[in-house]
Amino acid sequence: MVNKSLWEKLSKELTAMGVTLVAVSKTKPVEDIQELYDLGQRHFGENYVQELVSKQETLPADIHWHYIGHLQSNKVKYIAPFVHLIHAVDSFKLLLEIDKQAAKFKRTIDVLLQLHIADEDTKFGMDEKEIFSFMDYYTAQRASLQHVRICGLMGMASNVENETKLRAEFSRLKNVFIHLKETSFLGKEHFNTCSMGMSSDYKIAIEEGSNMVRIGSMLFGSR
Ligand SMILES: *Cc1c(COP(=O)(O)O)cnc(C)c1O
């Protein structure tokens with residue numbers, strides 16, 4: 001069940017703050033997506049490749065599809081023709097594959113690097129050290145990576161209610177974001193996006209500097 005009045009309110013609030021709302025529609029039917037689309041929502045997030053591909057085929061072509069889940073290199077080819085932003089790049093190998101597939105479709109694909117901020121093993125992503133060595137590889141091979149653009153960072157906080165802990169995790173991501181923006185050549189390019197915050201913690205994430213939130217259950221109901 002789509003909560004339309006909540007969408008209207010939320011979307012207004014977020015727009016006023018310069019925060020992009022990605023409506024996370026995973027497991028939800030195309031009818032639900034169409035309902036929000038009709039109200040004006042354009043950014044939708046999915047985290048299963050097959051599901052995303054089949055939804056993209058039936059829904060309006062001007063939807064900006066975000067791939068927010070863990071992406072396997074061998075599946076990049078299926079979403080490369082249309083994906084708007086890949087949120088969770090966590091290896092250089094994956095970046096190389098995205099570049100390769102994007103080139104085939106004569107596109108440049110925007111991506112975010114996933115920083116592991118939760119203290120749970122189940123969440124993917126790189127730690128600071130891995131992100132910095134990733135950046136070293138990228139800097140060295142940049143000339144040959146013309147079809148991919150690193151636009152910022154993404155993170156998922158621990159699944160807890162402790163606000164102090166959530167704040168600390170989001171602020172850790174923001175600090176890495178600022179550091180990369182100031183110290184690498186990315187700062188002068190398209191490095192502008194901090195994707196953090198979901199239904200349960202998006203307010204805290206915004207207070208800690210998020211400018212893109214990924215919200216599912218609050219809009220579409222529980223999964
Ligand atoms: C499912 C999911 C969300 C949305 O979670 P909700 O709690 O439903 O808002 C956000 N980000 C990622 C990466 C997800 O997989």
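Residues numbered from 1 in each chain as written. Predicted model: local features only at pLDDT ≥ 70, side-chain atom pairs only at ≥ 80, totals over all residues. Heavy atoms only, no water.

K.L.:
Help me get a handle on the side chain of Glu-46, residues and values and all.
P.N.:
Along the chain, Glu-46 turns up in strand S2 (residues 43-46). Among the polar contacts listed, one links the side chain of Glu-46 to the side chain of Ser-25, at a separation of 2.6 Å. Ignoring any residue separated from it by four or fewer positions in sequence, one finds Glu-46 in contact with Ser-25, Lys-26, Thr-27, Ile-33, Glu-51, Leu-52, Lys-55, Trp-65, His-66, Tyr-67, Ile-68 and Gly-69. (Helix = DSSP H or I, 4+ residues; strand = E, 2+ residues; numbered from the N terminus. Polar contact = N/O pair within 3.5 Å; in protein donor to acceptor, adjacent residues only side chain to side chain. Contact = heavy atoms within 4.5 Å.)

K.L.:
Pulling in residues and values, what's your account of the site of the ligand?
P.N.:
In the vicinity of the ligand, 13 residues are found, and the nearest of them are Lys-26, Ser-199, Gly-216, Ser-217 and Arg-223. Side-chain polar atom of Asn-47 to an oxygen atom of the ligand: 3.3 Å apart, as the coordinates give it. Within the backbone of Ser-217, one N or O atom sits 2.7 Å away from an oxygen atom of the ligand. For the ligand, whose unbound accessible area comes to 390 Å², protein coverage reaches 92%. Most atoms of the ligand, that is more than half of them, are within 2 Å of grid points of the largest pocket. Considered class by class, the residues forming the shell around the ligand number six nonpolar, four polar and three charged. (Near = heavy atom within 4 Å. Areas by Shrake-Rupley, 256 points an atom, 1.4 Å probe, with all protein chains shown as cover. 1 Å grid on protein atoms, 1.4 Å probe; cavity = no way out; pocket = protein on both sides within 12 Å on 5 of 7 lines; lining within 4 Å. Sits in = over half its atoms within 2 Å of the grid points. Nonpolar A, V, L, I, M, F, W, Y, C, P; charged D, E, K, R; others polar.)

K.L.:
Could you give an account of the nonpolar core, naming the residues involved and the relevant values?
P.N.:
Note that soluble globular proteins tend to have their nonpolar side chains buried in a common cluster. Membership of the largest hydrophobic core comes to 65 residues, with the highest contact counts inside it found for Ile-79, Ile-86 and Leu-95. Here this core takes six residues from helix H7 (residues 163-183), the largest share from any one element. (Core = buried A, V, L, I, M, F, W, Y, C linked by side-chain atoms within 4.5 Å. Buried < 20%, exposed > 50% of the residue type's maximum accessible area, 1.4 Å probe, protein only.)

K.L.:
Outline unusual backbone geometry, supporting the account with residue identities and numerical values.
P.N.:
What is expected of a backbone is that most residues other than glycine have negative phi and most peptide bonds are trans. The phi torsion at Thr-27 lies on the positive side, around 70°, for a residue other than glycine. Along the chain, the position of Thr-27 falls in the loop between strand S1 (20-24) and helix H2 (30-39). Classification of Thr-27 by relative accessible area gives partly exposed; the value is 47%. Backbone geometry places Lys-106, a non-glycine residue, at a positive phi of 50°. Examined against the element boundaries, Lys-106 turns out to sit in the loop between helix H5 (92-104) and strand S5 (109-114).

Function cannot be inferred from these measures alone, as they are strictly geometric.
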